[in-house]
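Remarks on the overall topology
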Amino acid sequence: MTRVAGVDSSTQSCKIVVCDAATGAVLERATAPHPGGTAVPAEAWWDALCAAGNGLLDRVDAIAVGAQQHGMVALDADGTPIRDALLWNDIRSASAAEELVRELGGPQPWADAVGSVPVAAFTVTKLRWFADHEPHLADRARRILLPHDYLTWRLRGPDAEPVTDRGDASGTGYWSPATGRYREDLVSLAFRGRMPLLPRVLGPAESAGRTPSGALVAAGTGDNAAAALGLGLEPGDVVLSLGTSGTAYARGGAPSADPSGAVAGFADATGAFLPLVCTLNAAQVLTAAARLLGVDLSGLEALAAQAPPGAEGLVLLPYLTGERTPNLPHATGSLHGLRPRTMHPWHLARAAYEGMLCNIADALDHLVATGITPRRILLIGGASRSALVRVIAAQILGRPVTVPEPEEYVALGAARQAAWALAGSAAPPRWPTRTAAHISVSADAAATGRAIRDAYAHARDALHG
């Protein structure tokens, strides 16, 4: 049996799955934690990969890494990280993003150049912050890598050439999905005239090399592109992912460029494209609400089930860590509609579920506005395991929702990419995706969902002023 490994190096942990290359059946799993925070030593990711992969990775034929997008890993001439890596959810570069948009002439030139308008998450904005706030360190930066680039490089040894893939490169803000090339002028603009070395961009099934023990290392990719590959997305499929953050994305046949900045025009891991909308607040909204109410997640769900749909007018705007869509990096969460009859734990619990899902529904609307026509909505991520989340999602979206069998789809997609690179075939191997649930929605429930969204929109628009 040919064994392949997929790595999901996420914000919170490193997860590894080992699969049968022919069928995709998961044979073994392992995980190791990452340190918290929005600036993390890149070496900690490598330590976690080694800990999780101990005893696993020396028995695989190929491996690929999927990892959190956008993070900035700056290396000196010796390949040593200069500072802690800035993660996607580090918003210290919010003002840098605004500066860069102005300096290039507004949102449209950025959308034309790289398919996306930079926000604080993007690597290009972190380069500007780095140049302005730590110039003595920026002067030492010989290379700039993404988290998955760094781990792919470490897997092959210090003498290997750093590489990336088009899916992850498209999240930097200085690589164009339309042309397939870096925009070095944008790197220089952001980094105040400095021009660090950037990793070579590999094709979807191209090999990056081999580990010292001989396992083939595939190109790897960013987490959303890896999840799309793990799910086997087809045209018309739209994914709503409810992890720490929330994402809405679909597989597209042509590059997209949204000058509003809501939709990021990313590439995927197959040679196609992945228009994507990201929110900073998803499952963490439920975790925070449960902590506030002194219950666990199952207790929060039980409380929320006691309140009627719409929570009798109580609305939570879930911008607990600022927000990316809408672009409100310094916003905070807020409750609207507080009255004596809504000041009960069950109302707040219900508002947390509905606020989180209205926010992701807004993300879906942005995708639809760019021409995406949803044929099927797939709900994934940790929060999708909640029966109440599934029901409320269908109600608020006004559409049926399909929930794939819970799986580590980022790691699974990376493993599928590894199998593809190992086989050298024209297309990735066909691995089945099983469905855990399909939630339909009645006309009455959809009407209630529209009312919930109207109340949410009123509170959201009031915040925007």
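Scroll up a little and you will see the structure.
These notes cover the structure that comes with them. Predicted model only: the values in this text are computed from it and were never measured.

1. Observations concerning the overall build of the chain
- Tallying secondary structure elements over the chain gives 15 helices and 24 strands in all.
- Relative to the compact-globule value of 23 Å for 465 residues, the chain shows a C-alpha radius of gyration of 21 Å, a close match.
- The principal-axis extents of the C-alpha atoms in the chain amount to approximately 65 × 55 × 40 Å.
- Counting only residues that meet the buried cut, the chain has 59% of its 465 residues in that class.
- Pairs at least 24 apart in sequence give 72% of the contacts found in the chain among residues at least 6 apart.
- Within the structure as shown, the chain displays about 17400 Å² of accessible surface, and the carbon and sulfur contribution to it stands at 52%.
- Considering the chain, the positive charge centre built from 38 side chains and the negative charge centre built from 44 side chains are found 2 Å apart.

2. Some remarks on the nonpolar core
- Core analysis: the largest hydrophobic core is formed by 64 residues, its most contacted members being Val4, Leu127, Phe130, Ile144, Tyr174 and Tyr249.
- Counting residues per element, this core draws most heavily on helix H14 (residues 409-423), at nine residues.
- Those residues in contact with phenylalanine 130 that lie beyond four places of it in its chain are Met72, Ala74, Ile82, Arg83, Pro135, Leu137, Ala138, Ala141 and Phe191.
- In this structure, Leu242, Ala248, Val277 and Tyr319 belong to the second largest nonpolar core, which totals 53 residues.

3. Some words on unusual backbone geometry
- Cis peptide bonds are those with omega within 30 degrees of zero, and the linkage from threonine 325 to proline 326 qualifies with 0°.
- One non-glycine residue, histidine 70, adopts positive backbone phi at about 75°.
- Mapped onto the elements of the fold, histidine 70 is located in the loop between strand E5 (62-67) and strand E6 (73-75).
- In this structure histidine 70 comes out as buried when scored by relative accessible area, which is 4%.
- Positive phi, close to 55°, is recorded for glutamate 312, a residue that is not glycine.
- Counting through the fold element by element, glutamate 312 comes out in the loop between helix H11 (297-306) and strand E20 (315-317).
- Relative accessible area serves as the criterion here: at 38%, glutamate 312 is assigned to the partly exposed category.

4. Comments concerning the environment of methionine 72
- Locating methionine 72 in the fold gives a position in the loop between E5 and E6.
- For the pair methionine 72 and threonine 152, spaced 80 residues apart in the sequence, the C-alpha separation amounts to 15 Å.
- Discounting chain neighbours no more than four positions away, the residues touching methionine 72 are Arg83, Ala85, Leu86, Thr123, Lys126, Leu127, Phe130, Ile144 and Leu145.

5. Side note on helix H10 (residues 283-293)
- Looking only at H10, the buried set comprises Ala283, Val285, Leu286, Ala288, Ala289 and Ala290.
- Where H10 is buried, its residues contact strand E16 (237-242), H11, E20, helix H12 (345-369) and helix H13 (387-397).
- Phi turns positive, to about 70°, at glycine 294, one or two residues after H10.

6. A short note on the side chain of arginine 128
- Positionally, arginine 128 belongs in helix H4 (residues 123-133).
- Here glutamate 99 takes part through its side chain, which lies 3.1 Å from a polar atom of the side chain of arginine 128.
- Apart from the residues within four sequence positions on either side, arginine 128 is in contact with Ala96, Glu99, Leu100, Glu103, Leu189, Ala190 and Arg192.

7. Comments concerning the state of the cysteines
- Scanning the entire structure with this criterion turns up zero disulfides.
- With no disulfide of its own, cysteine 14 has cysteine 50 as its nearest cysteine by sulfur position, at a separation of 9.0 Å.
- Accessibility expressed as a relative area gives 1% for cysteine 14, which makes it buried.
- Just so you know, cysteine 19 is unpaired, no disulfide at all, and the nearest cysteine sulfur is the one on cysteine 14, 14 Å from it.
- A relative accessible area of 0% places cysteine 19 in the buried class.

8. Looking at the packing of aromatic side chains
- A full pass over the atoms with the stated rule returns four aromatic pairs.
- Centroid distance tyrosine 150 to tryptophan 153: 6.0 Å. Interplanar angle 55°. Geometry classified as tilted. Of this pair, tyrosine 150 and tryptophan 153 both sit in helix H6 (residues 147-156), separated by three residues, roughly a single helical turn. Each member of the pair, tyrosine 150 as well as tryptophan 153, carries the same accessibility label: buried.
- The ring of phenylalanine 191 carries arginine 194 above its face, with NZ or CZ at 5.4 Å from the centroid.

9. Quick look at the side chain of serine 245
- Positionally, serine 245 belongs in the loop between E16 and strand E17 (246-250).
- Taking relative accessible area as the criterion, serine 245 reaches 17% and is therefore assigned buried.
- Setting aside residues no more than four positions away along its own chain, serine 245 makes contact with Trp88, Thr279, Leu280, Asn281 and Ala282.

Rules used throughout
Residues numbered from 1 in each chain as written. Predicted model: local features only at pLDDT ≥ 70, side-chain atom pairs only at ≥ 80, totals over all residues. Heavy atoms only, no water. Helix = DSSP H or I, 4+ residues; strand = E, 2+ residues; numbered from the N terminus. Rg over C-alpha atoms; globule rule 2.2 N^0.38 Å. Buried < 20%, exposed > 50% of the residue type's maximum accessible area, 1.4 Å probe, protein only. Contact = heavy atoms within 4.5 Å. Areas by Shrake-Rupley, 256 points an atom, 1.4 Å probe, with all protein chains shown as cover. Lys, Arg positive; Asp, Glu negative; His and termini not counted. Charge placed at Lys NZ, Arg CZ, Asp CG, Glu CD. Core = buried A, V, L, I, M, F, W, Y, C linked by side-chain atoms within 4.5 Å. Polar contact = N/O pair within 3.5 Å; in protein donor to acceptor, adjacent residues only side chain to side chain. Disulfide = S-S within 2.5 Å. Phe/Tyr/Trp six-rings, centres within 6.5 Å; stacked < 30°, edge-to-face > 60°. Lys NZ or Arg CZ within 6 Å of the ring centre and 35° of its normal.

Distances and angles like these do not, on their own, reveal function.
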